[in-house]
Amino acid sequence: MNEENVSKDVNGAQSEEQSPYCWKDGQVMPLTAEEKAEHMRREADWQAQAPARKAQEVRAERNKLLRMSDLTLLHAVKNSADLAAVKAYRQALRDVP
């Protein structure tokens with residue numbers, strides 16, 4: 001096996017890297033060098049955007065939790081003993097980047 005073409009499969013076993021394939025004219029065909037370069041560029045872009053996608057997921061979950069705590073805040077206003085804890089919880093959620 002050529003060391004530069006060695007990769008690991010999903011189970012961690014080493015395997016010879018193969019060129020990506022595509023469906024053309026009813027047949028599975030290997031990608032051309034240009035197509036492979038474009039595929040690699042898009043894959044690199046996708047990987048580079050992973051942190052932004054994860055941050056978006058975290059913000060969506062945070063926003064959901066804030067919405068869910070709105071009713072709790074209304075009840076806490078009536079019971080001032082719980083108000084400080086609810087405010088602290090909501091502030092902690094807001095502090096999530």
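These notes cover the structure that comes with them. These numbers were taken from a predicted model, which means no experiment stands behind them. (Residues numbered from 1 in each chain as written. Predicted model: local features only at pLDDT ≥ 70, side-chain atom pairs only at ≥ 80, totals over all residues. Heavy atoms only, no water.)

1. Side note on helix α2 (residues 50-78)
Consideration 1: Under the 1.5 Å per step criterion, the end-to-end length of α2 is 43 Å for 29 residues, consistent within 8% with the ideal 42 Å.
Consideration 2: At aspartate 70, α2 shows its largest bend, some 35 degrees.
Consideration 3: Of the positions making up α2, those classed as buried are Arg62, Leu66, Ser69 and Ala76. (Helix = DSSP H or I, 4+ residues; strand = E, 2+ residues; numbered from the N terminus. Expected span 1.5 Å × (residues − 1). Bend = angle between axes of the 7 residues up to and from the residue. Buried < 20%, exposed > 50% of the residue type's maximum accessible area, 1.4 Å probe, protein only.)

2. Focus on the side chain of serine 69
Consideration 1: With respect to the helices and strands, the residue serine 69 is situated in helix α2.
Consideration 2: Looking at serine 69, the relative accessible area reads 5%, which means it is buried.
Consideration 3: A polar atom in the side chain of serine 69 sits 2.7 Å from the side chain of arginine 90.
Consideration 4: With residues up to four places along the chain from it excluded, the contact list for serine 69 reads Tyr89 and Arg90. (Polar contact = N/O pair within 3.5 Å; in protein donor to acceptor, adjacent residues only side chain to side chain. Contact = heavy atoms within 4.5 Å.)

3. Observations regarding the pattern of salt bridges
Consideration 1: Applying the stated criterion across every chain yields a total of 6 salt bridges.
Consideration 2: Between lysine 54 and glutamate 57 there is a salt bridge, with the nearest N and O atoms lying 3.8 Å from each other. Taken together, the residues span about one helical turn, with lysine 54 and glutamate 57 both in helix α2 at a distance of 3 residues.
Consideration 3: The partner of lysine 64 in a salt bridge is glutamate 61, and the shortest N-O contact between them spans 3.5 Å. Of the two residues, lysine 64 and glutamate 61 are both situated in helix α2; the distance of 3 residues between them amounts to about one turn of the helix.
Consideration 4: Taking the relative accessible area as the measure of exposure, lysine 64 reaches 35% and is therefore partly exposed.
Consideration 5: According to the relative accessible area criterion, glutamate 61 is partly exposed, its value standing at 37%.
Consideration 6: Look at the salt bridges and you will find they share partners, linking Glu38, Arg41, Arg42 and Asp45 into a network. (Salt bridge = Lys/Arg side-chain N within 4 Å of Asp/Glu carboxyl O.)

4. Things to note about a nonpolar patch on the surface
Consideration 1: Judged by side-chain polarity, Tyr21, Trp23 and Val28 come together as a nonpolar surface patch covering roughly 400 Å² of accessible area.
Consideration 2: Within the secondary structure, valine 28 sits in strand β4 (residues 27-30). (Patch = residues over 30% accessible without salt bridge, like charges linked within 9 Å, V, L, I, M, F, W, Y side chains within 5 Å. Areas by Shrake-Rupley, 256 points an atom, 1.4 Å probe, with all protein chains shown as cover.)

5. Section: the environment of glutamate 35
Consideration 1: With respect to the helices and strands, the residue glutamate 35 is situated in helix α1 (residues 33-48).
Consideration 2: Glutamate 35 has contacts with Lys24 and Pro30, leaving out every residue within four places of it along the chain.
Consideration 3: Within the structure, the side chain of glutamate 35 is placed 2.8 Å from the backbone nitrogen of threonine 32, a separation counted as a polar contact.

6. Quick look at the pairing of strand β3 (residues 21-24)
Consideration 1: Pairing analysis gives 4 bridges linking β3 to β4, with the strands arranged antiparallel. Following the sheet pairing, lysine 24 is matched in β4 by glutamine 27. (Pairing = 2+ DSSP bridges.)

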